[in-house]
Amino acid sequence: MSPVQPPVARRVAVIGGTRVPFARSDGPYATASNQEMLTAALDGLVARFGLQGPGAVGEFVGGAVLKHSRDFDLARETVLGSTLDARTPAYDLQQACGTGLQAVIAAANKIALGQIESAVAGGADTASDAPLGVNDRLRRILLEARRAKSAGARLRALARVRPAHLVPDIPRNAEPRTGLSMGEHAAVTARAWGVTRKEQDALAAASHQRLAAAYERGFFQDLVVPFRGLARDQNLRPGSTPAKLAALKPVFGLDAPDPTMTAGNSTPLTDGAATVLLASEEWARARGLRPLAYLTAHETAAVDFPHGDVAGGEDGLLMAPAYAVPRMLERAGLALADFDLVEVHEAFASQVLATLAAWEKRGLGAVDRDRLNVAGSSLATGHPFAATGARIVATLAALLAERGGPGRGLISVCAAGGQGVTAVLERD
């Protein structure tokens with residue numbers, strides 16, 4: 001019997017993306033669920049590319065970080081509530097802030113292997129509708145009561161309930177291994193890398209100014225669909241300047257001298273959703289769709305932040321892209337200088353600057369700031385955790401297409417848990 005030949009990987013095209021405007025938590029989307037936002041983004045994509053027909057899309061991959069128990073099958077329920085064919089398979093994926101990009105990678109791998117011809121990937125998150133857990137002591141009592149073999153035993157268990165047990169467990173923005181919030185971890189990293197307040201404020205102001213300019217020139221016309229009264233990202237402050245940001249008080253790293261991180265150079269809690277359409281070249285050609293770019297490489301990495309970061313070292317919670325990108329570029333035979341555009345997720349301005357410094361220290365060279373986040377990024381748009389990766393993929397693909405010729409773009413997304421997800425987009 002002849003051995004089975006492995007499939008030849010096909011090129012995976014990024015056809016386009018659609019998202020809802022991102023909103024600050026407890027604002028316009030305060031009562032919108034993950035499913036409602038993700039459905040709105042998906043319906044926008046379906047309408048834009050005519051995906052209503054039977055079997056139009058091979059699969060839908062999506063996820064959320066802050067999920068209610070009712071969202072256990074979020075991607076599939078989103079499909080069933082959308083205008084996409086109800087027979088489209090779907091599954092959930094979660095990798096903290098890397099969820100959206102990892103969903104794109106998962107879908108792209110199936111297309112590359114010829115298992116499906118097209119897919120939609122994305123994510124949603126709401127900080128407004130965060131799940132509240134039952135107090136753990138109350139939970140244990142309720143479980144004991146459920147296991148009781150008699151009414152008397154059940155009553156004895158329930159009789160131990162006290163008012164303090166009724167206080168719910170609220171999700172905390174803290175790493176389980178360290179107890180530090182993401183902002184506090186970023187403050188440690190900023191000190192380790194010598195990132196200044198002036199640099200952070202300048203980067204944050206540029207993000208707002210560039211996002212505003214992109215909206216003004218109509219760049220987001222095909223990428224953003226209105227939702228609940230918003231047509232633009234609510235967090236956008238077109239008038240942001242380094243001088244205005246310099247007036248804000250620090251909010252992280254207050255346990256050390258000269259703290260530098262403020263609400264202005266850190267990403268706010270945000271609600272929103274984003275989707276991306278991926279396909280084989282044959283699928284796109286048959287439908288008269290021209291790819292914006294191609295996903296040609298990707299890499300993930302993780303760092304031992306509980307030891308590296310808390311001890312004041314350079315391997316901070318959000319520094320995994322400092323390892324993922326060099327590995328990816330070596331495998332692809334590329335250098336940082338080969339990229340026309342670079343998209344680094346702006347969880348914090350300090351984290352972006354530390355990442356750039358780490359790449360330079362590891363011999364990749366400096367990133368031209370005129371090529372960095374040219375249409376703004378998370379500091380201006382906001383950061384609904386699972387939606388950010390899909391937003392960046394769609395934005396970068398559109399930016400490469402806007403240039404009108406061949407080009408290459410780099411994506412770097414840091415994530416909670418000391419992880420990083422990176423990718424390369426190219427255009428012929």
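Criteria and thresholds
Residues numbered from 1 in each chain as written. Predicted model: local features only at pLDDT ≥ 70, side-chain atom pairs only at ≥ 80, totals over all residues. Heavy atoms only, no water. Salt bridge = Lys/Arg side-chain N within 4 Å of Asp/Glu carboxyl O. Helix = DSSP H or I, 4+ residues; strand = E, 2+ residues; numbered from the N terminus. Buried < 20%, exposed > 50% of the residue type's maximum accessible area, 1.4 Å probe, protein only. Expected span 1.5 Å × (residues − 1). Contact = heavy atoms within 4.5 Å. Patch = residues over 30% accessible without salt bridge, like charges linked within 9 Å, V, L, I, M, F, W, Y side chains within 5 Å. Areas by Shrake-Rupley, 256 points an atom, 1.4 Å probe, with all protein chains shown as cover. Pairing = 2+ DSSP bridges.

Engineer: Can you help me understand the pattern of salt bridges in this one?
Structural biologist: Here the idea is simple: oppositely charged side chains can pair when their charged atoms come close. The full count for this structure, using the stated rule, is 21 salt bridges. Glu299 is paired through a salt bridge with Arg331; the nearest N and O atoms lie 2.6 Å apart. Of the two residues, Glu299 sits in strand S9 (residues 293–302) while Arg331 sits in helix H11 (residues 321–332), which places them 32 residues apart along the sequence. Residue classification places Glu299 among the buried positions, given a relative accessible area of 16%.

Engineer: Just to check I follow, could you spell out the environment of Glu77 for this structure?
Structural biologist: Residue placement: Glu77 occurs in helix H2 (residues 74–80). The partly exposed category is assigned to Glu77, whose relative accessible area is 34%. Through-space distance from the C-alpha of Glu77 to that of Glu36 is 10.0 Å; in sequence the pair is 41 residues apart.

Engineer: Is there a simple way to think about helix H1 (residues 34–49) in this case?
Structural biologist: Quick reminder: α-helices carry 3.6 residues per turn. Residues three or four places apart thus point the same way. With 16 residues, H1 ought to run about 22 Å at 1.5 Å a step, and its terminal C-alpha atoms sit 23 Å apart, in line with that. Residues of H1 that are buried: Asn34, Met37, Leu38, Thr39, Ala40, Ala41, Leu42, Gly44, Leu45, Val46 and Phe49. Looking at the packing, one finds that the buried side of H1 touches strand S1 (12–19), strand S3 (60–62), H2, strand S5 (118–125) and strand S8 (270–280). Once H1 finishes, Gly50 follows within two positions and takes phi at roughly 60°, a positive value.

Engineer: What's the story with a nonpolar patch on the surface in this structure? I'm lost.
Structural biologist: Nonpolar side chains collect at one region of the surface, where Val134, Leu142 and Leu158 lie side by side and expose about 230 Å² of accessible area between them. One can find Leu158 in helix H5 (residues 151–158).

Engineer: When you look at the pairing of strand S10 (residues 341–344) in this model, what are you seeing that I'm missing?
Structural biologist: Consecutive residues of a regular strand have side chains that alternate between opposite faces of the sheet. Because side chains alternate across S10, one face comprises the buried residues Leu341 and Glu343, and the other comprises Val342 and Val344, equally buried. Sheet topology places S10 next to strand S11 (residues 407–415); four bridges connect them, and they run parallel. Each bridged residue has a counterpart across the sheet, and for Glu343 the counterpart in S11 is Ile411.

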